[in-house]
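# Architecture at a glance
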Amino acid sequence: MRINNSGTYESCRWAVNDGLTRVDFDRNIKTVAPQDYFQNHMAQLRTELLAGQSPDMCQNCLVMEQHGKISGRQRQLLKAGVQTQWFEKSLASSPLREDFDYSAVNQGQTDRMPVDWQIDLGNYCNSACVFCSPESSSRIATEFKRLGLIDALPPASWCDDPELVDQFVSTLVASSDLHYLHFIGGETLITPGFKTILTALVSAGLAPKVTVGFTTNLTVWSQDIVDLLVQFKQINLGMSVEALTPVNDYVRYPGKLDTTQHLLDQWVKLAQAQGWLAQLRITPTCLTVHELFTVYDYAWQHGVAIESCNFLTEPPFMRIGVLPAEYRTQAYDNLSQWLEAHPVTTTDQIVNTRNPNLARQQIHQDACSYLDFLSTAPDESWRLPDLVAYLKLLESNRKNSVLTYLPQYEKLFRTHGY
Amino acid sequence: MKNYSELTDIDQSLSICIELTPVGQPDCWIRVNHDLIGYTALSEDIRLDYQVGLMDNIVISVELRNKHYTTEYETAVIIKRLSIDNIEIIPQYDYLADYVNDHDNNNPTHYLGFNGKWTLTIDRPFYQWLHQVQNQGWLIG
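Residues numbered from 1 in each chain as written. Chains lettered and ligands numbered in written order. Predicted model: local features only at pLDDT ≥ 70, side-chain atom pairs only at ≥ 80, totals over all residues.

## Digging into the overall build of chain A
Helix and strand counts for chain A come out as 18 helices and 8 strands. Computed over C-alpha atoms, the radius of gyration of chain A comes to 21 Å, within 12% of the 22 Å expected from 2.2 N^0.38 for 418 residues, which places it in the range of a compact globule. The C-alpha extent of chain A, read off along each of the three principal axes, is 60 × 45 × 40 Å. Scored against the burial criterion, the 418 residues of chain A give a buried share of 42%. (Helix = DSSP H or I, 4+ residues; strand = E, 2+ residues; numbered from the N terminus. Rg over C-alpha atoms; globule rule 2.2 N^0.38 Å. Buried ≥ 20, exposed ≤ 12 C-beta atoms within 10 Å, placed from the backbone.)

Encoded structure:
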């Protein structure tokens, strides 16, 4: 279950999303208790799933699976003991079988509490990645407003309200099977709500039984947060990076590659010392896919897994399919050559992407999904003028140029309005 | 299966298949959940099939008996393959079996050369056990 920036609940963290924060006071922490939403409001969705339907919100996962990428659907099923290659019998054997039966005869309701949350902390962020949106970055929100792309800044986050945070933490404390909390920013390390909630969980004595996941943008270090994190049962550490080349600075503006690399090494070292699970989090776009192999290479060398939640859909003009065939082929060849130089012994599909013993196989699997996507994604090169117009607009404020970082795209961009 | 209500109609059994190869003529007893499904002085490869319930715990044992070490030095039985629901378990997971024998040699193996009993214990529903041994992460509930 997810609570988004506005405090509105969402059933699934991987659900199809238009990039905008939904504000719905019929299912918001200000009006509905988390357990009420989970147990009763989600009954309709459970009923649809039990009836074998495929709701529209599930389409992202289905696309990922078509390209051999492990979807959120597969990973969540796995937590219930359901493996898609043995779907029927593993479902019948699930430790949650009685709960499924209960929902089946009670119109989709459940008497369980959530065990796994995604907690959106708001958009407080010091980065303004070119593919990001005002909902996820306060810095880009300010820039968008200045450039006239939005009229108003997004509303304050629900976790800026201490009463709501207390209410939410009380729900977590009352969740006897609580297992996993995944925090999303903004940049988590500089978001006050992150520290507030971690501190409350530690004070409530929950830390030894809860795994915390979060992602950092590799621009800052917070020893205060590290001191809190080490008290939790386990940490799933995500580190956002698009390429270990200067283009990362352009895309993850205003990053500096030296700092990124230094903090990446520092976090990986800490994770290894603490036994944390470290993952590189990538958001491949048409601007970075040709240098994606540099991230896979770092991950391979350090035994760190790679995770990208889905194939980027927003903004549409940054999709990988925007690259014309000639440029896509170059990216394909780069990745293909890297894969050939880094073979793995098994090609069995890895659904538990957080198994550290299979990090290299998982890296290989993820890279293969992008290889497949590069060769099969629909041609959207007609969006190139939109991409160029958008970059020019950002650059008018940032006083930089994409061609400094991607000189090989000069001909392409010049012919589309750059 | 198109919807959850059809789950009650699926096959609720698991097929167990054990393939054994003899070395010499071993006296060999094979049990599944205390049922003796084969005992013989093996002289050639055999395949044994057995069915258990989907939610049953499963204990599979292969016992070598009456080997005379002085005259039958090479006598043994090899568990060539053990599958459950067509999923290969042995040799891949032979380190999960207990091997208790008169030479106190407990190294993981599917080559049984000593008088004694090799036992694979699946102490929960098979697919939950498989989830664990495949290191598929935490299970809710």
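## Thoughts on the sheet that holds strand β8 (residues 98-101) of chain B
Residue and element names in this part refer to chain B. Judged by pairing direction, the sheet is antiparallel, and its 5 strands sit side by side in the order β3-β2-β5-β10-β8 without closing on themselves. Across the chains shown, the open sheet's two edge strands, defined by having one partner strand only, are β3 (35-41) and β8. Neighbouring strand axes in the sheet, compared pairwise and without regard to direction, differ in orientation by 15° on average. Looking at chain direction, β8 and strand β10 (residues 116-122) are connected through 4 bridges and run antiparallel. Residue pairing for β10: Y99 is matched across the bridge by W118. (Pairing = 2+ DSSP bridges. Axes fitted to C-alpha atoms, helices over the stretch in contact; angles between N-to-C directions.)

## Let's talk about the confidence of the model for chain B
When pLDDT drops low, the exact placement of atoms in the prediction is not to be read closely. The predicted model of chain B has a mean per-residue pLDDT of 93, with 100% of residues at 70 or higher. Overall fold confidence for the complex sits at a pTM of 0.87, while the interface term, ipTM, reaches 0.93. (pLDDT = per-residue confidence, 0-100.)

## Quick word on the sheet that holds strand β8 (residues 305-307) of chain A
All names here are of chain A. Read from one edge of the open sheet, 8 strands run β2-β1-β3-β4-β5-β6-β7-β8, paired in mixed fashion. Looking at the sheet topology across the chains shown, the edges are occupied by β2 (9-10) and β8. In this sheet, strand β6 (residues 234-240) lies alongside strand β5 (residues 211-216) in parallel orientation, the contact comprising 6 bridges. Its bridge partner lying in β6, T216 is registered against M239. Against the sheet, helix α13 (residues 293-302) makes contact with β7 (277-281) and β8, and its axis sits at roughly 145° relative to β8, the strand it touches most. (Contact = placed C-beta atoms within 7 Å.)

## So, unusual backbone geometry
For residues besides glycine, phi is generally negative; the peptide bonds are generally trans as well. In this chain, Y253 of chain A is followed by P254 of chain A through a cis amide linkage whose omega measures 0°. Relative to the elements of secondary structure, P254 of chain A occurs in the loop between α11 (247-251) and α12 (257-274). In this model, I90 of chain B is joined to P91 of chain B through a cis peptide bond whose omega is 15°. Turning to its location among the elements, P91 of chain B is positioned in the loop between β7 (87-90) and β8. Positioned with a positive phi, N135 of chain B is a non-glycine residue whose angle comes to about 55°. When you line up the elements, N135 of chain B lands in the segment after α1 (126-133).

## Observations regarding helix α16 (residues 384-398) of chain A
Residues and elements named next belong to chain A. End to end, α16 covers 21 Å across 15 residues, agreeing with the expected 21 Å (1.5 Å per residue, within 8%). Along α16, the positions that sit buried rather than exposed are L384, L387, V388 and L391. For α16, the angular spread of buried residues about the axis comes to 95°, placing them on one side. The exposed set on the far side of α16, more than 90 degrees from its buried face, consists of S396 and N397. For α16, the elements touching its buried residues are α17 (402-405) and α18 (410-414). (Expected span 1.5 Å × (residues − 1). Arc of directions from axis to C-beta.)

## Here's the deal with the nonpolar core
In terms of nonpolar packing, the biggest core is built from 90 residues, with A278, L292, V295, Y296 and A299 of chain A touching the most fellow members. In this structure, V295 of chain A is in contact with V241, A243, L244, L280, I282 and I306 of chain A, ignoring residues within four places of it in sequence. Among the nonpolar cores identified, the runner-up in size contains 31 residues, and I18, L82, I90 and F114 of chain B belong to it. (Core = buried A, V, L, I, M, F, W, Y, C linked by C-beta atoms within 7 Å.)

## Some thoughts on the environment of L339 of chain A
Within the secondary structure layout, L339 of chain A lies in helix α14 (residues 325-341). Put simply, L339 of chain A and F293 of chain A are 46 residues apart on the chain and 8.6 Å apart in space, counted from C-alpha to C-alpha.

## What about the interface of chain A and chain B?
Contact residues are listed per partner, giving 26 residues for chain A and 22 residues for chain B. For the side of chain A that touches chain B, the elements supplying multiple residues, two or more each, are α4 (72-79), α5 (87-92) and α6 (97-105) of chain A. Take the side of chain A that touches chain B: its biggest share by element is 5 residues, from α5 of chain A. Across the side of chain A that touches chain B, the residue classes break down as 13 nonpolar, 8 polar and 5 charged. (Nonpolar A, V, L, I, M, F, W, Y, C, P; charged D, E, K, R; others polar.)

## Some points on α13 of chain A
Residues and elements named next belong to chain A. For α13, every residue scored as buried is listed here: F293, V295, Y296, Y298, A299 and W300. At its buried positions, α13 is contacted by β7, β8, α14 and α15 (359-376). G303, located one to two residues past α13, shows a positive phi value of around 65°.

## Topic: the packing of α13 of chain A against α15 of chain A
Residues and elements named next belong to chain A. Between α13 and α15, the shortest axis-to-axis distance is 9 Å and the interhelical angle comes to 165°. As far as their axial angle goes, α15 and α13 are roughly antiparallel. Remark: the crossing between α13 and α15 carries left-handed chirality. On α15, the residues touching Y296, A299 and W300 of α13 are R360, I363 and A367. Considered class by class, the residues forming the contact of α13 with α15 number 5 nonpolar, no polar and 1 charged. (Parallel < 35°, antiparallel > 145°, perpendicular 65-115°, else oblique. Left-handed = near helix turned anticlockwise from the far one by under 90°.)

## Brief notes about the pairing of strand β5 (residues 58-65) of chain B
Residue and element names in this part refer to chain B. Pairing geometry for strand β2 (residues 27-32) and β5, over 6 bridges, is antiparallel. Across the sheet, R31 pairs through a bridge with S61, a residue of β5. Bridge count for β5 against β10 is 7 bridges, and the pairing is antiparallel. Each bridged residue has a counterpart across the sheet, and for V59 the counterpart in β10 is T121.

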